[in-house]
2 protein chains.
Amino acid sequence: MIRIGVDIGGTNIGMGIISSTEILHKSSESFSKDGGVSGCCDRIFAQAQALLQKCGYTLDDVDCVGAAVPGSVNRDRGIVINAYNLGFHDAPLREELQKRFADKIVDVLNDADAAANAELSGGVLKGMKTAVCITLGTGLGFGLIIDGKLFCGGMGHGTEGGHMIMKHNGYKCTCGDRGCAETLCSATALMIKTRRAVKGRTDSILWQNRRSLNAKVVFECAGRGDELALRIIDEYTDALSDYVASLMNLFDPEAVCVGGGISAAGELLFEPLVRKTDEKCFFKDHGQVLRAHFLNDAGIIGAVSEMKGE
Amino acid sequence: MIRIGVDIGGTNIGMGIISSTEILHKSSESFSKDGGVSGCCDRIFAQAQALLQKCGYTLDDVDCVGAAVPGSVNRDRGIVINAYNLGFHDAPLREELQKRFADKIVDVLNDADAAANAELSGGVLKGMKTAVCITLGTGLGFGLIIDGKLFCGGMGHGTEGGHMIMKHNGYKCTCGDRGCAETLCSATALMIKTRRAVKGRTDSILWQNRRSLNAKVVFECAGRGDELALRIIDEYTDALSDYVASLMNLFDPEAVCVGGGISAAGELLFEPLVRKTDEKCFFKDHGQVLRAHFLNDAGIIGAVSEMKGE
């Protein structure tokens, strides 16, 4: 039997046909948010049928369907509480998917929770009992593993570790509050910092790239020795190591796994992050800081990794 | 059968003879730290014998002994990793207690963990599955309830939620790092803030009390309308509500329970704390902010509340 993992993004629906933790086939298709939850589920069902057909399967071969969502999810009830990028509010996503996939097991969960599940099942958190997975992207995703399984919050809202307040009266966050970890540690935060810092700095390589700035460019410029880029990353890893050390102190986890686009920067990110976190941790023999194994496929894999599809 | 709950403080050993969650008899005796772990356990044993005799029991009536410690504890191994106030480092406290209490069940745990256990067994967290208990005193104690029981950290060091970093490059903390929650939210932090603020403020009631300042005095002055005291508490609850809201967002708990000496301040603390926390939480229907039921007895009760002594 196979499983269908779905990763609903702001513009595209990613999908994979999965056996164990291996993606056999995958597709990514743009979709319009105008159709709401129902339209989204129609698109998912059509995309699933096309993908199955393309690789010689039918719906009969499918055991279960899981969907990762960029927002807050009440997993027990299958409700998307809020997914601002999708315009979903108190949306019965599981029920809508269930209508289409009839007798299949259907699950919906937060995308960072899916990333944590993916790492736990076949990535760098494999076999661990206590671990945290954070994803640095548009926001700061947070997935918590306790007792060897995903902890989805005590009252069914999920865990919003990206909204741990790190600076009183800091930058305004998308959640409405100020100074959340997301405003300091997300890829968006890095880019806001960069755009501010680059103004008038005509001496920097960053300035030469000012029209095509993204996180990758910042790290590339740092790799080429650009002083401004190095300072930006230094300040960014100051904040990120405060956050990671806080997680180490709060949970005493075996590891904090860092994923999302920025983690692709490799040693330019991880060398200072690991060093600074180590200096700040309460216990000298704290858990490891690990680079996520799954990047773009984390949602697809993690959406179904808890389900026994074999 | 009865249980003996022990609360090892910096200067005194508190002890109670407990049936269910009720303390039948208790005693508090000063002790010298010079004797190390062995001397401390001798004192505990002597104090226990005296207390038992005083109320007509013998050791035969005792089922188990639990000791709460102001420091990091590896509970599985019964080792006090660090208790700076006691001068204990990698100290085999459980083994030493076991030698004296022979066939009794012996447990050692962190004092804030004990407070969380006490509230869970017979206090304001009773029956909850997910909750946090913080104690505001010399430091900031932190106890985490997950799945209806105490979570003592993933690698046996315990949870050090008081060392969540809330201000980059903030005040130096006892742990060696800077800007920990403890440097902003503990009773010590409130008093440091007060002593700084009161200088030269001869117009304030606080200044008139400058030779006998403590947290109780600060709240009393605020209760009498002293502007300076009100401002200090306003800033203090700004920080504390950042912290409590962060815990709400991280765990989605049914409640965050606030204990320790400062919680005795009542509405002068809890009215602004609850209001500001509510403004900052990610989810509108977040958990409750509750005042701890047990104050001085939390350690004694929580040290044995998990054990079935009846």
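Please refer to the structure placed before this passage.
**Q** Any chance you could break down the relation of the copies chain B and chain A for me, citing the residues and the numbers?
**A** Superposing chain B onto chain A takes a rotation of 180° combined with a translation of 0.0 Å along the rotation axis, leaving an RMSD of 0.0 Å. The symmetry that links the two subunits is that of a two-fold axis. Across chain B, the rotation axis passes nearest the C-alpha of Met166(B), at a separation of 2.3 Å. The overlap is high: 98% of the interface residues of chain B also sit at the interface in chain A, so the same surface is used on both sides.

**Q** Quick one: what's the story with the sheet that holds strand S6 (residues 79–83) of chain A, residue by residue and with numbers?
**A** Residue and element names in this part refer to chain A. Taken in spatial order, the 3 strands make up an open sheet running S5-S6-S7, and their pairing is antiparallel. Edge positions in the sheet fall to strand S5 (72–74) and strand S7 (88–91), since each has one partner strand and no second. Going from strand to strand, the sheet's axes swing by 20° on average, the running direction of each strand aside. Judged from the 3 bridges that link them, S6 and S7 form a sheet pairing that is antiparallel. Counted as the bridge partner of Val80 is Ala91 from S7.

**Q** I'd love a proper account of the side chain of Ser27(A), names of residues and values included.
**A** Residues and elements named next belong to chain A. The residue Ser27 is located in strand S3 (residues 22–30) in this model. You can call Ser27 buried: its relative accessible area is 16%. A distance of 3.1 Å separates a polar atom in the side chain of Ser27 from a polar atom in the side chain of Gln47. Not counting residues up to four positions away in its chain, the partners in contact with Ser27 are Ile13, Gly14, Met15, Gln47 and Leu51.

**Q** Account for the packing of helix H5 (residues 187–198) of chain B against helix H8 (residues 227–251) of chain B, naming residues and giving values.
**A** Residues and elements named next belong to chain B. Viewed as axis vectors pointing N to C, H5 and H8 meet at an angle of 140°, and their least axial separation amounts to 10 Å. Here H8 runs oblique to H5, going by the angle between their axes. Of the two possible hands of crossing, H5 and H8 adopt the one that is right-handed. On the side of H5, the interface is formed by Leu190, Lys193, Thr194, Ala197 and Val198, while H8 contributes Leu228, Arg231, Ile232, Glu235 and Tyr236. Residue classes in the contact of H5 with H8 are distributed as 6 nonpolar, 1 polar and 3 charged.

**Q** Help me get a handle on the pairing of strand S8 (residues 105–110) of chain A, residues and values and all.
**A** Residues and elements named next belong to chain A. Within S8, 5 of the 6 residues are buried, leaving the element largely enclosed by the surrounding structure. Where strand S4 (residues 62–69) and S8 come together, 6 bridges link them in parallel fashion. Directly across from Ala68, in S8, lies its bridge partner Leu109.

**Q** Which residues make up the side chain of Arg75(B), and what values go with them?
**A** All names here are of chain B. Tracing the chain through its elements places Arg75 in the loop between strand S5 (72–74) and strand S6 (79–83). Looking at Arg75, the relative accessible area reads 17%, which means it is buried. Within polar-contact distance, the side chain of Arg75 engages the side chain of Asp107 at 2.6 Å.

**Q** So what's going on with the pattern of salt bridges? Which residues, and what values?
**A** All names here are of chain B. Under the defined criterion, the tally for this structure stands at 30 salt bridges over all chains. For the salt bridge of Arg275 with Glu271, the shortest nitrogen-to-oxygen distance reads 2.9 Å. With Arg275 and Glu271 both in helix H9 (residues 267–280) and 4 residues apart, the pair spans about one turn of that helix. In this structure Arg275 comes out as partly exposed when scored by relative accessible area, which is 40%. Glu271 sits in the partly exposed class, given a relative accessible area of 38%.

**Q** Would you mind going over the interface of chain B and chain A in detail, with residue names and values included?
**A** Taken together, the 40 residues of chain B in the interface contact 39 residues of chain A. For the pair chain B and chain A, the two sides together bury roughly 3500 Å², of which 62% comes from carbon and sulfur. Here chain B is connected to chain A by 0 salt bridges. Viewed at the interface, chain A and chain B are joined by 20 residue pairs in polar contact (both at pLDDT 80 or more). When residues of the side of chain B that touches chain A are traced back to their parent elements, those giving at least two are strand S10 (140–146) and H8 of chain B. The element contributing the most residues to the side of chain B that touches chain A is H8(B), with 7 residues. A breakdown of the residues in the side of chain B that touches chain A according to their chemical character gives 16 nonpolar, 15 polar and 9 charged.

**Q** Which residues make up H5(B), and what are the values?
**A** Residue and element names in this part refer to chain B. In this model H5 runs 16 Å from its N-terminal to its C-terminal C-alpha over 12 residues, within 8% of the 16 Å that 1.5 Å per residue would give. Of the positions making up H5, those classed as buried are Ala187, Ala189, Leu190, Met191, Thr194, Ala197 and Val198. Gly200 lies just past H5 and shows a positive phi near 75°.

**Q** Give me the lowdown on the sheet that holds S5(B), citing residues and values where you can.
**A** Residues and elements named next belong to chain B. Read across the open sheet, the 3 strands follow the order S5-S6-S7; overall the sheet is antiparallel. Edge strands, defined here as strands with exactly one partner in the open sheet, are S5 and strand S7 (88–91). For this sheet, the mean angle separating the axes of adjacent strands, direction not counted, is 20°.

**Q** Residues and numbers for the environment of Val217(B), please.
**A** All names here are of chain B. Within the secondary structure layout, Val217 lies in helix H7 (residues 215–223). Looking at Val217, the relative accessible area reads 11%, which means it is buried. For the pair Val217 and Ala265, spaced 48 residues apart in the sequence, the C-alpha separation amounts to 9.8 Å. Apart from the residues lying within four places of it in its own chain, the contact partners of Val217 are Leu206, Asn209 and Ser212.

**Q** Summarise the environment of Leu273(B); cite the residues concerned and give the values.
**A** Residue and element names in this part refer to chain B. With respect to the helices and strands, the residue Leu273 is situated in helix H9. A relative accessible area of 0% means that Leu273 is categorised as buried. Between the alpha carbons of Leu273 and Val289 there is a distance of 8.2 Å; along the sequence they are 16 residues apart. Excluding its chain neighbours within four sequence positions, the residues that come into contact with Leu273 are Thr237, Leu240, Ser241, Val244, Val258 and Val289.

**Q** Explain the nonpolar core to me, using residue names and the numbers behind them.
**A** Ranked by size, the top nonpolar core spans 100 residues in total, and within it Ile134(A), Leu206(A), Tyr243(A), Ile134(B), Leu206(B) and Tyr243(B) carry the most contacts. Residue contacts for Leu206(A): discarding those within four places in its chain leaves Thr194(A), Val198(A), Leu213(A), Val217(A), Val218(A), Cys221(A), Asp226(A), Leu228(A), Ala229(A) and Ile232(A).

**Q** Before we move on, can you summarise helix H8 (residues 227–251) of chain A with the specific residues and values?
**A** Its 25 residues place the ends of H8(A) 36 Å apart at the C-alpha level, agreeing with the 36 Å of an ideal helix rising 1.5 Å per residue. Downstream of H8(A) by a residue or two, Asp252(A) has a phi angle that is positive, lying close to 55°.

**Q** Got a sec to walk through unusual backbone geometry? Specific residues and values, please.
**A** All names here are of chain A. Not every positive phi belongs to a glycine, and Ala102 is a case in point at roughly 40°. If you trace the backbone, Ala102 turns up in the loop between helix H2 (93–101) and S8. When its relative accessible area of 51% is taken as the criterion, Ala102 is described as exposed.

**Q** Account for the packing of aromatic side chains, with residues named and values stated.
**A** Remark: the centre distance and the inter-plane angle together describe each pair of aromatic rings, the angle taken between the planes. All names here are of chain A. Applying the stated rule across the entire model yields 5 aromatic pairs over all chains. With 5.1 Å between their ring centres and 80° between their planes, Phe45 and Phe101 make a pair best called edge-to-face. A residue pair is termed long-range when its members are at least 10 positions apart, and Phe45 in helix H1 (residues 36–54) and Phe101 in helix H2 qualify at 56 residues. In terms of burial, Phe45 and Phe101 fall into one category: buried. Looking at Arg210, its charged tip hangs above the ring of Trp207, at a distance of 3.6 Å from the centre.

Analysis parameters
- Residues numbered from 1 in each chain as written.
- Chains lettered and ligands numbered in written order.
- Predicted model: local features only at pLDDT ≥ 70, side-chain atom pairs only at ≥ 80, totals over all residues.
- Heavy atoms only, no water.
- Least-squares fit on C-alpha atoms with pLDDT ≥ 70 in both.
- Contact = heavy atoms within 4.5 Å.
- Pairing = 2+ DSSP bridges.
- Helix = DSSP H or I, 4+ residues; strand = E, 2+ residues; numbered from the N terminus.
- Axes fitted to C-alpha atoms, helices over the stretch in contact; angles between N-to-C directions.
- Buried < 20%, exposed > 50% of the residue type's maximum accessible area, 1.4 Å probe, protein only.
- Polar contact = N/O pair within 3.5 Å; in protein donor to acceptor, adjacent residues only side chain to side chain.
- Parallel < 35°, antiparallel > 145°, perpendicular 65-115°, else oblique.
- Left-handed = near helix turned anticlockwise from the far one by under 90°.
- Nonpolar A, V, L, I, M, F, W, Y, C, P; charged D, E, K, R; others polar.
- Salt bridge = Lys/Arg side-chain N within 4 Å of Asp/Glu carboxyl O.
- Buried area = accessible area lost by both parts, 1.4 Å probe.
- Expected span 1.5 Å × (residues − 1).
- Core = buried A, V, L, I, M, F, W, Y, C linked by side-chain atoms within 4.5 Å.
- Phe/Tyr/Trp six-rings, centres within 6.5 Å; stacked < 30°, edge-to-face > 60°.
- Lys NZ or Arg CZ within 6 Å of the ring centre and 35° of its normal.

Take it as geometry only, folks, not as evidence of what the structure does.
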